[in-house]
Amino acid sequence: VAAWVEAIRERIADPDAAAREGERLREWVFASRSIEVWIAKYAEAWFGRSRDDKEMVAAAGSRATVSQVPTFSCSIIMPVLNNVELTRQSLTALAEVTDGCEYEVIVVDNHSTDGTQEFLSSLGGDVRIIRNNENRGFAKACNQGAQAARGKHLIFLNNDTIPIKGWLNALVQEVEAHQDVGAGGSKLLYADGTVQHAGVVFSRKWLTPYHHHRGVAADLPFVNRRREFQSVTAACMLVRRDLFFEVGGFDEAYRNGFEDVDLCLKIKQQGWRVIYQPSSVLYHLESQTPGRKDHDVENHRLFTARWGACWWLTDEDLVAFQDGFRMEYLSANSAQWRPFENAEESRCWQLVAETQQAAGQRDN
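Residues numbered from 1 in each chain as written. Predicted model: local features only at pLDDT ≥ 70, side-chain atom pairs only at ≥ 80, totals over all residues. Heavy atoms only, no water.

Remark: the centre distance and the inter-plane angle together describe each pair of aromatic rings, the angle taken between the planes. Evaluated as defined, the whole model comprises 13 aromatic pairs. Seen in terms of ring centroids, F138 and F250 are 5.7 Å apart; in terms of plane orientation they differ by 70°. Their pairing is edge-to-face. Pair noted here: F138 is in helix α7 (residues 137-148) and F250 is in the loop between α9 (241-246) and α10 (259-269), with a separation of 112 residues, a long-range link. F250 shares its class with F138; the two are buried. Ring centres of W206 and Y329 lie 5.2 Å apart, and the angle between their planes is 75°; this geometry places the pair in the edge-to-face category. Here W206 is found in the loop between β8 (200-202) and β9 (209-211), whereas its partner Y329 is found in strand β13 (residues 325-329), with 123 residues between them in sequence. An aromatic cluster of at least three residues, connected via ring pairs, comprises F138, F156, F244, F245 and F250. (Phe/Tyr/Trp six-rings, centres within 6.5 Å; stacked < 30°, edge-to-face > 60°. Helix = DSSP H or I, 4+ residues; strand = E, 2+ residues; numbered from the N terminus. Buried < 20%, exposed > 50% of the residue type's maximum accessible area, 1.4 Å probe, protein only.)

Rendered as structure tokens:
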């Protein structure tokens with residue numbers, strides 16, 4: 001008893017050590033005392049006789065959903081709705097270029113009607129299929145995949161992406177090497193090789209999130225350095241498994257838009273960092289799912305209602321200044337980034353950037 005009391009006192013005085021030990025303990029429990037590892041003993045205790053693994057898991061039902069042992073490094077979760085050729089192309093490329101990391105693939109089919117079901121039925125290996133009898137949307141499908149996942153990390157991947165060799169290892173190494181990183185995003189390219197996504201910034205005029213440096217050349221320095229953002233896109237995003245459930249997963253009130261930004265902001269609220277990792281590269285054909293933009297107005301209204309009061313989110317001038325540019329609004333609906341014309345102009349925009357940085361840090 002005295003040793004326990006002393007140990008508790010030490011950990012109260014050192015919360016960082018307590019957190020580290022707690023994480024190690026959690027991993028040990030998942031690895032050593034989960035249903036999947038102690039399947040026979042659980043079966044004997046629950047049913048009074050031995051049952052095989054499949055029968056036991058079926059009987060346990062949802063009790064085994066979230067606390068399954070992480071038997072893979074990653075679970076790649078891909079929601080699909082029709083576009084069978086895109087799904088085939090993405091999964092084929094994934095299988096060809098993804099190595100050096102133990103992973104499973106979970107495809108969540110939102111009631112496709114174009115031959116997707118037949119194609120998915122032909123797949124083997126560590127691929128699991130979840131079939132919905134209706135289109136439940138992106139957020140719900142991703143949450144379903146996460147519930148079924150057996151990976152230490154969750155990778156959310158669109159079926160209109162084509163991974164390039166090394167894409168997954170770069171994301172995994174990012175979170176494994178930095179214990180304060182909760183989520184990581186990739187550099188995404190259009191089919192012509194220009195940038196589609198290199199991080200998400202927030203407009204000072206509309207507080208709207210948008211893709212940083214969309215359409216620029218992929219070899220420019222400012223899209224090829226690791227950096228922190230408030231959000232990255234879930235077209236390809238890694239999230240720590242436990243953290244995903246801790247913040248409640250994707251908010252299913254959103255319909256195919258803003259749910260990834262909302263998730264990243266919830267992760268940031270918990271003190272974790274969201275990192276853009278340009279060493280992870282994929283092509284992204286973007287918005288190929290039918291009805292992808294149908295709910296933009298409602299999604300934006302919901303996002304604004306939840307995050308609109310967070311004036312400190314605005315960071316586009318800060319990011320632009322760091323990259324050697326300034327924001328120029330051309331009209332009510334358009335803006336572009338321009339280089340500084342002289343040193344005086346740069347000093348003026350530096351003040352704006354420093355103000356946004358201080359606001360983001362809640363620096364009074």
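Here we take up helix α13 (residues 343-360). Spanning 18 residues, α13 covers 25 Å between terminal C-alpha atoms, matching the ideal 26 Å at 1.5 Å per step. Taken residue by residue, α13 has E345, W349, A353, Q356 and A359 as its buried positions. Looking down the long axis of α13, one finds its buried residues gathered within 115° of arc, a one-sided arrangement. Seen from the buried face of α13, the exposed residues on the opposite side, beyond 90 degrees, are L351 and T355. The backbone nitrogen of E344 has a side-chain oxygen 3.2 Å away, supplied by the residue at the start of α13, namely N342. The positive-phi residue at the C-terminal boundary of α13 is R362, with phi of around 55°. (Expected span 1.5 Å × (residues − 1). Arc of directions from axis to C-beta. Polar contact = N/O pair within 3.5 Å; in protein donor to acceptor, adjacent residues only side chain to side chain.)

To continue, consider the pattern of salt bridges. Going through the model one piece at a time under the given rule, you end up with 21 salt bridges. Notably, a salt bridge pairs E134 with R136, separated by 3.9 Å at the nearest N-O pair. Judged by relative accessible area, which is 44%, E134 ranks as partly exposed. On the accessibility criterion, R136 (31% relative accessible area) is partly exposed. For D323, the salt bridge goes to R227, with nearest N and O atoms at 3.0 Å. One end of the pair, D323, is in the loop between α12 (316-322) and β13; the other, R227, is in strand β10 (residues 227-229), with 96 residues separating them in the sequence. The two residues D323 and R227 agree in class, both being buried. Because the salt bridges share partners, they merge into one network encompassing R326, E328, R338, E341 and E345. (Salt bridge = Lys/Arg side-chain N within 4 Å of Asp/Glu carboxyl O.)

If you trace the backbone, T161 turns up in strand β5 (residues 161-163). Along the backbone, T161 and L94 are 67 residues apart, and their C-alpha atoms lie at a distance of 9.3 Å. In contact with T161, other than residues within four places in its own chain, are S90, A235, L282, Y283 and H284. There is a polar contact of 2.7 Å between the side chain of T161 and the backbone oxygen of N158. (Contact = heavy atoms within 4.5 Å.)

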